[in-house]
Structures are given as structure tokens and as C-alpha cells.
Amino acid sequence: MSDDTVAAGVPGVDWDAEADAFDDEPDHGLRDPGIRAAWEDRLRSWLPERPADVLDLGCGTGSLSLLAAEQGHRVTGVDSSPAMVERARAKLAGRDAVILRGQAATPPVGEQRFDVVLVRHVLWTLPEPARALRHWRDLLRPGGRFVLVEGVWGTVHPVGIPAGRLATLLAPLTSDVRVERLSGDSVLWGKPVEDERYAVVAMV
């Protein structure tokens, strides 16, 4: 998230300042064993069975990166906040992982290619989501996949990206798009939620 969120018109968020308390949110820190297990199960169903190269964009403090690494994947995390990067590096210490500082829309990975582009609650913040998806598609190897966790939040002034719109954006870039609804799984979020939350797994 970080600078990308501010650029998308969500002012006043200093992600370096938020880093200390970021993991206090149940679905951020995954400190509760039940919530952690729920995300472990979902991630295992979304990622390849064999060890893969996973690019986690807007990785925050690295909670999903850590789960992926624990499942045997090689992880590259990217976040624009130095404080988030510092915490993610500490969380992933000793794992087959590298955490880089950079923008999610244009991650600093050079010519490296990946089996998975993993993004949670970041795409909706980007001013040009279609352009970001096209760039991320170029970072995937043949047979790779997108794993995108997104949603729409709020009722008076909702923000986010509806599942239908995201599926439409992915259609020309992928061969198969699967939408998995997550709103009804309160364990993932640490509480019941009424807004739209979902994951998209799209194969290329």
C-alpha cells in the first residue's frame, strides 16, 4: 500500500507512521491462530502446489509473504514505505525471501520473472489499475497466475474495485479468471463484514 494509496486520492495516510500499529488489525498481523490458519488455507488453495516464485506487491509488513514462504515458495515482497519494508524484512528473516522498497505499480525487479503476482488490497488504490495489470502480466512466466485480493468498502462513499470490473480488466490478459467470494468468511477478517471482499485467481 503506502505511497500508492496517497497517490490514488486517499490523503493523510503516512504509512511509515502507521507501520507500528499496522499488524494490530486482525487480517494484517494474523496474530490470532484461527485467522492465521484461515489465510494459510486460502493461500495454499490459490498458490501452486510446487515451490514457486511469488511477487507480493504492496506487501506491507509481510504477513502474506511469510505465509507463502512457510509453504515453500520463494518470495519477493515490494512496498514503498521504508518502515513497512523494515518490518517485513524482520518478519521474513531466515526465509527464502527478499523485500524491496519500490512502487507496487512498477516494482523494481528488473528482468526477473515470477510464477505468481500476489496483491492484497492494493490494486484499487492505483490511479491506473489496467495499466498496472498489463505491466504485472509481463512479469509473469508462461503458465503463471495472478492472485488478487480486493473489495469495495463503505456505503455512503464506497471505494474499491468491484469483482466484475476486475474480471473484465483481466479478461484480455489471462486465459481463465476465477472469482472467490470472501465476505462471508468472517474468520479471515476477525469479524463479520458486509462489504464486498473477494479473491481473483487468473491464469495466464
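Residues numbered from 1 in each chain as written. Predicted model: local features only at pLDDT ≥ 70, side-chain atom pairs only at ≥ 80, totals over all residues. Heavy atoms only, no water.

Points about unusual backbone geometry
Positive phi, normally seen in glycine, also occurs at H121, with a value near 55 degrees. Overall, the relative accessible area of 11% leaves H121 in the buried class. (Buried < 20%, exposed > 50% of the residue type's maximum accessible area, 1.4 Å probe, protein only.)

A few points about the confidence of the model for the protein
When the pLDDT values of the protein are averaged, the result is 90; 91% of them are 70 or greater. A low-confidence stretch, residues 1-12 stays under pLDDT 50, and its non-local contacts, those more than four residues away or across chains, total 27 contacts. (pLDDT = per-residue confidence, 0-100. Contact = heavy atoms within 4.5 Å.)

Some details on the packing of helix α7 (residues 129-138) against helix α8 (residues 163-170)
The interhelical angle for the contact between α7 and α8, taken along N-to-C directions, is 45 degrees, at an axis separation of 10 Å. Judged by the inter-axis angle, α7 sits oblique to α8. Handedness of the crossing formed by α7 with α8: right-handed. For the pair α7 and α8, contact is made by P129, A130 and L133 and by R165, L166, L169 and L170, respectively. Here the contact of α7 with α8 is composed, by residue class, of six nonpolar, no polar and one charged. (Axes fitted to C-alpha atoms, helices over the stretch in contact; angles between N-to-C directions. Helix = DSSP H or I, 4+ residues; strand = E, 2+ residues; numbered from the N terminus. Parallel < 35°, antiparallel > 145°, perpendicular 65-115°, else oblique. Left-handed = near helix turned anticlockwise from the far one by under 90°. Nonpolar A, V, L, I, M, F, W, Y, C, P; charged D, E, K, R; others polar.)

Describing the packing of aromatic side chains
Tallied over the entire structure, the rule returns three aromatic pairs. Summarising the aromatic geometry, the rings of W39 and W189 are spaced 5.4 Å apart at their centres and angled 85 degrees between planes, so their arrangement reads as edge-to-face. Separated by 150 residues along the polypeptide, W39 in helix α4 (residues 33-46) and W189 in helix α9 (residues 186-189) bring together distant segments of the chain. No difference in accessibility class separates W39 from W189, as the two residues are buried. Ring centres of W124 and W153 lie 5.5 Å apart, and the angle between their planes is 50 degrees; this geometry places the pair in the tilted category. Residue W124 is found in the loop between β4 (114-120) and α7, and its partner W153 is found in strand β5 (residues 140-153); the two are separated by 29 residues along the sequence. Overall, W124 belongs to the partly exposed group, its relative accessible area being 24%. Classification of W153 as buried rests on a relative accessible area of 17%. Each member of the aromatic cluster is reached from another via a ring pair, and the members are W39, W46 and W189. In this structure, R120 packs its charged tip against the face of W39, placed 4.7 Å from the ring centre. Residue placement shows R197 over the ring face of W189; its charged tip is 4.5 Å from the ring centre. (Phe/Tyr/Trp six-rings, centres within 6.5 Å; stacked < 30°, edge-to-face > 60°. Lys NZ or Arg CZ within 6 Å of the ring centre and 35° of its normal.)

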